[in-house]
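Now for the letters of each chain:
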Amino acid sequence: MTTIEDIEKFIKKTGLETKTEMNEVVRNRIFQAFEKSKQTKSALTEPNIWRKIMKSRITKIAAAAVIILAVVFSMTIFDKSIPTAYAIDQTIQASHSVQYLHIRAITPSHEDQPVEFWIEFAQDGRPKNMRVNQPDWMTPGSGPREVIWKDNKKQDWLREKNILLTTTEDEASAAQVLKMIENLDPKLAVTRLQEKQEQGKVELEINEPADKAEPIIVTATSTKEDDSSFQRKVLYIDQATKLVSAIELYKLRNGEYEYMKTMEYYDYNQPIDAEMFMFKDVSNDAEHIDLMTIGLAQGNLSDEEIAVEVVRQFLEALIAGNYDKASKLFPGEPADKIKEMFSELNIIRIVSMGKPILHSETNRLRVPFEVEVEMEGKISLWKKQGPLIQHLAGQPDRWAINGF
Amino acid sequence: MLEDKLLVWKFKGGNWDALSRIYDKYREDLLRLAISLLNDISSAEDIVQDVFVSFAQSHELFRLTGTLKGYLATCVANRARNRNRDDMRHRTVELDDNEEVFTDSKTPDEWIICSEELKKLSNAIGQLPYEQREALVLHLQGDMKFKQIAKFRNVSIRTIQSRYRYGLDKLRSLLNSEVIK
């Protein structure tokens, strides 16, 4: 009888061959991408020098040694101590005049696909316009998503699906966008740190290198009283401008600070082209959907109840052949696509609806169901673990199917 | 491992030979892994190509925290999972959730030649739930430790070990003895 060990060995040893000519085609494609990336050296390079230094043990030690030597040397020469000149107030002060920001959020699992933000602030400091470019790993199944928030109106452009989602004058959506900007704004980040330091919730350690070309490093570590999502934040401050160049975020896990992501800040006060806050290339045949017309309003129902209701109405729409309605409950899938997916199934009636289960990986609710289907004259029972249900992006009060 | 660190160091400095060497070294392992995860040769080819292209484009930013193979395997697994979810959403709904078919559509441009063994193995692995499949292939083909997989999937090590064990048990019952001999 086959043993577990045999199976393990079999999986490890099973091989394949690659065709030489196709292999060279692929290699050539990689080479082109590599050469192109070298030619278009990104603006990321500059701010990353210090990041690279601080991430490598050898260079970090070397950098530390240089700093120590510089301090000792200057102390010897001038025979006096050099006080730390930097105070976090300076960054808060410098940030007051910031009107434009370009941010990249980089996570270790998708370092090559950052989420990018462009924010324009009004003269009074309040957010005016924002654009977010989300790579497809953030919204699997939808392709890359571009979001623009302007004049209290949010639009999501799903290029691959050729769909423009619009939310008009909605308080919940606006509040969510403002919350997002609040979390990104470096001025607010340092202000909050200062407040927490005063409350004893955060301990700040400031490292100000003698070399003015190197960033000031502010390490903020949460004390037990702090309930932040990230227990350590490392801020890199430009010595000349006193503005934040980057913030690294860490979580405390099993006694160790685990690196989670980096927010990198660019182009302070470099005016952002107004066209960045417009979708210029939405095709004429793109489907326009007002988010207020899709999904179901939660009302007084609990999350579990509204999830079941969404699935029930979706199935009832399929039974009635009302694919337009089904499409409203499964946004992103046009009515004809829904028809193509489900018409052959020919659902006759709902037999039972199960209790929703939280899908841990996606944090969505899965609603199991049983329906009777008729295919080729035969009636059978179709059991399904259930579609994934969640509230719509930017619409916490409206729920819809997000995937099967 | 030291060789990998040197290769990465050269790659980050813009050295094409280093990237080419990394590609040669890990191409087949990643293809096997992608085939096992997706049960589809052409999708696996696409994903591995895309991973290397993205990797090439990221040379200035790239930072290695674990093993290079583990990193590349993680990239493949991420893309495979996205592709799998995408396929699940778009596939015409089937009556049986486990009705996945090995798409053996050969085209003139096909990059890889699968052995019969690999086809049989892929067919069997394709019948496992995705989480079990992922735990199995990342551990056995991606050389990732359970701890690394758990961290990558943000679940406990015990969960990954269970998925692995259940997957292996099911695979044993699926594979017939002639494949193993």
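The structure presented is a predicted model; accordingly, all values stated were derived computationally and were not measured.

Conventions and cut-offs
Residues numbered from 1 in each chain as written. Chains lettered and ligands numbered in written order. Predicted model: local features only at pLDDT ≥ 70, side-chain atom pairs only at ≥ 80, totals over all residues. Helix = DSSP H or I, 4+ residues; strand = E, 2+ residues; numbered from the N terminus. Expected span 1.5 Å × (residues − 1). Buried ≥ 20, exposed ≤ 12 C-beta atoms within 10 Å, placed from the backbone. Arc of directions from axis to C-beta. Contact = placed C-beta atoms within 7 Å. pLDDT = per-residue confidence, 0-100. Pairing = 2+ DSSP bridges. Axes fitted to C-alpha atoms, helices over the stretch in contact; angles between N-to-C directions. Core = buried A, V, L, I, M, F, W, Y, C linked by C-beta atoms within 7 Å.

For an α-helix, 3.6 residues make a turn, and residues three or four places apart therefore share a direction. Residue and element names in this part refer to chain A. With 13 residues, helix α7 (residues 186–198) should cover 18 Å at 1.5 Å per step; its first-to-last C-alpha distance of 19 Å lies within 8% of that length. Those residues of α7 lying buried are Pro186, Lys187, Ala189, Val190 and Leu193. Buried positions in α7, seen along its axis, are confined to an arc of 165° and lie on one side of it. Residues of α7 that are exposed and point over 90 degrees away from its buried face: Glu195 and Glu198. In this structure, the buried residues of α7 make contact with α5 (88–95), β8 (202–207), β9 (216–222), β10 (232–237), β11 (244–253) and β12 (256–266). Positive backbone phi, approximately 75°, marks Gly200, located one or two places after α7.

A word on the confidence of the model for chain B. Residue and element names in this part refer to chain B. For chain B, the average pLDDT comes to 75, and 76% of its residues sit at 70 or higher. With pLDDT under 50 throughout, residues 90–111 is counted as low confidence; its partners more than four residues away or in other chains account for 26 contacts. A low-confidence stretch, residues 177–181 stays under pLDDT 50, and its non-local contacts, those more than four residues away or across chains, total seven contacts. Scored by ipTM, the complex comes to 0.73, with pTM at 0.46.

All names here are of chain A. Strand order in this open sheet of 12 strands is β8-β9-β10-β11-β12-β2-β3-β4-β5-β6-β7-β13, and the pairing throughout is mixed. With one partner strand each, in any of the chains shown, β8 and β13 (287–290) form the two edges of the open sheet. Across the sheet, the mean angle from the axis of one strand to that of its neighbour is 15°, orientation sign disregarded. Judged from the eight bridges that link them, β11 and β12 form a sheet pairing that is antiparallel. Considered in β12, the bridge of Ile247 is made with Met263. The sheet strands contacting α7 are β8, β9, β10, β11 and β12, and the helix crosses β8 at an angle near 115°.

Now for the nonpolar core. In terms of nonpolar packing, the biggest core is built from 52 residues, with B:Leu30, B:Ala34, B:Val48, B:Val51, B:Leu72 and B:Val76 touching the most fellow members. With 11 residues, helix α2 (residues 16–38) of chain B is the largest single contributor of residues to this core. With residues up to four places along the chain from it excluded, the contact list for B:Leu30 reads B:Val48, B:Val51, B:Leu72, B:Ala73 and B:Val76. The next biggest cluster of nonpolar side chains, apart from the first, holds 32 residues, and it includes A:Val311, A:Leu329, A:Leu365 and A:Val371.

So, on to the pairing of β11(A). Residue and element names in this part refer to chain A. Sheet topology places β10 next to β11; six bridges connect them, and they run antiparallel. Of the residues in β11, the one forming a bridge with Lys233 is Leu249. In this antiparallel pair of consecutive strands, β10 and β11, the connection spans six residues, and Lys242 shows a positive phi of 65°.

Right, let's get into the sheet that holds strand β19 (residues 378–384) of chain A. Each strand in a sheet pairs with its neighbour through backbone hydrogen bonds, running either in the same direction (parallel) or in the opposite one (antiparallel). Residues and elements named next belong to chain A. Sheet architecture is open: three strands sit in the order β15-β18-β19, paired in antiparallel fashion. Where the open sheet ends on each side, the last strands, each with one partner, are β15 (347–353) and β19. Taking each pair of neighbouring strands and ignoring which way they run, the sheet shows an average axis angle of 25°. As defined by bridge partners, strand β18 (residues 369–375) adjoins β19 across seven bridges and the pair is classed as antiparallel. Residue pairing in the sheet places Glu374 in a bridge with Ile379 of β19.

In this section: the environment of A:Asp185. On the secondary structure map, A:Asp185 appears in the loop between α6 (171–184) and α7. By C-beta crowding, A:Asp185 is classed as buried, having 22 other C-beta atoms within 10 Å.

Our next topic: the pairing of β19(A). Here β19(A) lies mainly on the outside; zero of its seven residues are buried. Linking β18(A) to β19(A), which pair antiparallel, is a turn of two residues; within it A:Glu376 sits at a positive phi near 50°.

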